[in-house]
Amino acid sequence: MKRSIAICFICMAIMLLTGCWDRRETNDLAIITGVALDKTEEGLIELTVEIHSPGGSGNRSEMGGDSGGGKNKTILQTGKGVSLADAMEDLDEKLSRQMLWSHAEAIVISKAFAETGIRDELDFFVRHPEPRLRSYIFISDGKAKEIIALRPSLERSSSEVLIKLAESEVLMKVTLFDLMEMLKGESGTSVLPMVAKSPREQGKAVLETVSYINRSAVLKQGKMIGSINDQLTRGVLWFRNEIKESIVTVKPEEADGYISMDILKGRTVLIPEMDGHRLKMTVKIEMIDDVIQNQTDWNLKELEKLQMLEAALAQKIEQRLTDTLEIVQKELKADIVGFADEFRRKYPEKWKKEKADWEERFATVEVTFDIEAEVLRTGRGSAPQ
Amino acid sequence: MIEKGKISALQMGILMYHAILATGILFIPASVYDAAKQDIWLSPIWASPVGFLCIFIAYKLNKLYPEDTIIQYSQRILGTFLGKTLGLILLLMLVTSLSVMFWQYGEFVVSEFLPHTPKFVIIGMMILLCASAVHGGLEVVGRLAGMVFPIFFLLFLVIIVLLLPDIEIKRMLPIMENGMMPSLKGSLVLYTWFAQFGIVYFFLPFLTNREKAMKFGMLSVLVVMLTLVLTNIVVIWIFGNVTENFNAPFMSASRYISIAEFLSHLESLVMAIWIAGTFIKLCAFYYTVVLGTAEWLNLSDYRPLVLPLGLVIGVFSLKAFLNSSEAAEHFEIVSKGFMDTLVYGLAIPMLLLLAAYIRKLIVRHKGESEK
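About the criteria used
Residues numbered from 1 in each chain as written. Chains lettered and ligands numbered in written order. Predicted model: local features only at pLDDT ≥ 70, side-chain atom pairs only at ≥ 80, totals over all residues. Heavy atoms only, no water. Helix = DSSP H or I, 4+ residues; strand = E, 2+ residues; numbered from the N terminus. Buried < 20%, exposed > 50% of the residue type's maximum accessible area, 1.4 Å probe, protein only. Contact = heavy atoms within 4.5 Å. Areas by Shrake-Rupley, 256 points an atom, 1.4 Å probe, with all protein chains shown as cover. Pairing = 2+ DSSP bridges. Axes fitted to C-alpha atoms, helices over the stretch in contact; angles between N-to-C directions. Buried area = accessible area lost by both parts, 1.4 Å probe. Salt bridge = Lys/Arg side-chain N within 4 Å of Asp/Glu carboxyl O. Polar contact = N/O pair within 3.5 Å; in protein donor to acceptor, adjacent residues only side chain to side chain. Nonpolar A, V, L, I, M, F, W, Y, C, P; charged D, E, K, R; others polar. Domains from an automatic or database assignment. Patch = residues over 30% accessible without salt bridge, like charges linked within 9 Å, V, L, I, M, F, W, Y side chains within 5 Å. Lys, Arg positive; Asp, Glu negative; His and termini not counted. Charge placed at Lys NZ, Arg CZ, Asp CG, Glu CD.

## Quick look at the overall build of chain A
Part 1: Scanning chain A from N- to C-terminus turns up twelve helices and 13 strands.
Part 2: Evaluated residue by residue, chain A yields a buried proportion of 50% over its 385 residues.
Part 3: Sequence-distant contacts in chain A: of pairs separated by 6 or more residues, those separated by 24 or more amount to 70%.
Part 4: Total accessible area on chain A stands at roughly 19,200 Å², and carbon and sulfur atoms take up 49% of it.

Structural data, given as structure tokens:
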């Protein structure tokens, strides 16, 4: 009896040891906060990671020798290889700690890389159990490494700047998951935000400039084919029902100045229609705005003036969407506005025939707009005398 | 009867719920997606009749031989030699099936959570745990199932609710894009899961309220079906056409949860549900193997068999497959070609029931002719 009790106790002691096998202490880890992907001239993949440095003493980056910020707590490390995993191996050799990918929430891919195709390398991020589906993806105008090497003065690290930029939803916001969905979508096109460095200001260190999103990259079958500017991006956002923030400035007819409005709520519904061989799409938009600036001498409390303003607003949006469509349909021939999926959902049978030469057919879709703009509050401001 | 313990029909239903769903909740969406695409939520509905049929047949057999499990009445129906042979085949299939389940458990834990822990530790611990539960008998297993169920279900619902902000119903459209066939093809894979309901033939003789067995058995199938429909529909709402990229979409979905920045990384919750459920599932199958073997050998007690069989199963499960593609091939075969669960869950009992009816006819015929 005594012996069995003793054995019991020994066994219980073993229980206490569980969980230590796969332990990973924070001071054994290199926490990766941002990733940059470049292609070298020899065609190798250059993987740069931004690692959070817990030291807190404000370390310099490997390449940022002349930075002046001082409170940035990140370091950079680069590896090269024929594939992403191979580059990671190279990177591993240079790091004293084990890499932790679960906090890599900003992934920057250089334009040159995107032009050769990103589909194969995304596989790594999907397969690896650690990177998260909510990581944000960006395309950089120049080298991706340069974006991630910036030393922002407002945020702790450049990856954080990128995350905040994406979350503000002023322009495109694309997560790893969104990108996967777009790559698998019916049209095979995807659209990603593009980041650029703001020009260096006088008297500031090279790396102290900030990155910002100003364009959107358009990809076909995972390969970048072109880009669109911020105005057109907003148009695309309208089509995709992703518009969150936008300030629209209009100049109504008969008015002597501009009136700016901030969007409170915007909703887009795409209604496809197949009539024989003709493809039609009705874009139905409902929007609610607030007036934030009034340069004119209009008194917006007059209902008649308000209605004119609403009409001008609707017209302005329609103009913008038509411009967007012009570029997207005729020039890029890339269905980044999501028409393909709408047609497929409504006409699954007929769609199968259209799918084969959608690129050509997309350009022939006749689009009509049905925009309902409503101005909710006009504010008082400096009322015209 | 070797088993002295009794369970209620409700406990049996819950036990079966776990025995089917524990592994299914993770792997079903991905394996069905290959065939059914965005219609995966329809497939469980098409597949559920198999479950109902299994319960029905086991129930009918139990009516004829109320005190026996399948190992015993197969001998009564087919004679000692044929009955024993059939029993052996059945047991071998159950042992293989159980080993594969242990392998799946070990593989999943190692690949998703503890990559550096040796597999034999993970599988070995689970076998020891299950062995102690099985050693306690059917009552212990039944009550465990009853205890785990509310937690399992509650956490499952919590995950579903937390996923709601990310859903987009558009992703499931168009429904039945290519007609009924894709979802029916997807349901083929699910037959293997629903056919596992057949193993109730090991539990039916030990029920306290046998008249309710049918009712709770059917209810269990229904709840399993509804849970699967709910899982699949949420997965498709969240992931749409990306579903096929994940091994365990429900797990990936829980990883995807992020509410107000701090409520994220909830996969450990799913893992907790999953391990609890899988534990019950493994116990249920382990118990049937142990009890069946003891009855097949005409032993007076099944308890001495628990550990030796555990060792056999452990070795089997560690050596089951060399790598993931070999495993994938195995699952491809058992889900599309030779469906072992359909054989032991449905085909064998059906054969026995048929033989039993024919035998009855002959006996009656003989009796009449002797008069």
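After that view, the rundown keeps rolling.
## With respect to the sheet that holds strand E12 (residues 278-294) of chain A
Residue and element names in this part refer to chain A.
Part 1: Across the sheet, which stays open at both edges, the four strands sit in the order E10-E11-E12-E13 with mixed pairing between neighbours. Each edge of the open sheet carries a strand with a single partner, namely strand E10 (247-250) and strand E13 (366-377). Across the sheet, the mean angle from the axis of one strand to that of its neighbour is 40 degrees, orientation sign disregarded.
Part 2: Across the sheet, helix H8 (residues 230-239) is in contact with strand E11 (259-275), E12 and E13; its angle to E11 comes to roughly 55 degrees.
Part 3: Relative to E11, helix H10 (residues 339-346) is tilted by about 45 degrees, and along the sheet it contacts E11, E12 and E13.

## Focus on the interface of chain A and chain B
Part 1: At the junction of the two partners, chain A supplies 23 residues and chain B supplies 29 residues.
Part 2: Both sides of the chain A and chain B interface together cover about 2,400 Å² of buried area, and 52% of this is carbon and sulfur.
Part 3: Here chain A is connected to chain B by two salt bridges.
Part 4: Residues B:Asp166 and A:Arg134 are paired through a salt bridge, measuring 2.8 Å at the closest nitrogen-oxygen approach.
Part 5: Here chain A is connected to chain B by three residue pairs in polar contact (both at pLDDT 80 or more).
Part 6: Looking at the side of chain A that touches chain B, the elements that each hand over two or more residues are helix H7 (176-184), H10 and helix H11 (348-355) of chain A.
Part 7: It is H7(A) that contributes the most residues to the side of chain A that touches chain B, four residues altogether.
Part 8: By residue class, the composition of the side of chain A that touches chain B is seven nonpolar, five polar and eleven charged.

## Here we look at the domain arrangement of chain A
Residue and element names in this part refer to chain A.
Part 1: Here chain A is partitioned into domain 1 (26-228) and domain 2 (230-380).
Part 2: Inter-centroid distance (C-alpha atoms) of domain 1 to domain 2 is 32 Å.
Part 3: With 19 residues of domain 1 at the interface, the matching set in domain 2 holds 23 residues.
Part 4: Taken together, the two surfaces of domain 1 and domain 2 that pack against each other cover about 1,800 Å², and 62% of this comes from carbon and sulfur.
Part 5: Applying the counting rule to domain 1 against domain 2 returns five residue pairs in polar contact (both at pLDDT 80 or more).

## Here we look at the environment of B:Thr278
Residue and element names in this part refer to chain B.
Part 1: Along the polypeptide, Thr278 turns up in helix H10 (residues 267-296).
Part 2: Thr278 sits 254 residues away from Gly24 along the chain, and the two C-alpha atoms are 9.7 Å apart.
Part 3: Excluding anything up to four places from it in sequence, Thr278 contacts Ala22, Tyr105 and Met126.

## Looking at the pattern of salt bridges
Part 1: What the rule picks out here adds up to 13 salt bridges over all chains.
Part 2: Taking the shortest distance from any N to any O, the salt bridge between A:Glu160 and A:Lys164 comes out at 3.9 Å. Of this pair, A:Glu160 and A:Lys164 are both found in helix H6 (residues 158-167), four residues apart, which corresponds to roughly one turn of the helix.
Part 3: One salt bridge in this structure joins B:Glu67 and B:Arg210, with 3.9 Å as the shortest N-O distance. Here B:Arg210 lies in the loop between helix H7 (181-194) and helix H8 (213-239) and B:Glu67 lies in the loop between helix H2 (43-64) and helix H3 (70-78), a separation of 143 residues in the sequence.
Part 4: Relative accessible area serves as the criterion here: at 41%, B:Glu67 is assigned to the partly exposed category.

## Section: a negative patch on the surface
Part 1: Among the surface-exposed residues, A:Asp86, A:Glu89, A:Asp92 and A:Glu93 lie close enough to one another that they form a single negatively charged patch.
Part 2: Mapped onto the elements, A:Glu89 comes out in helix H2 (residues 84-94).

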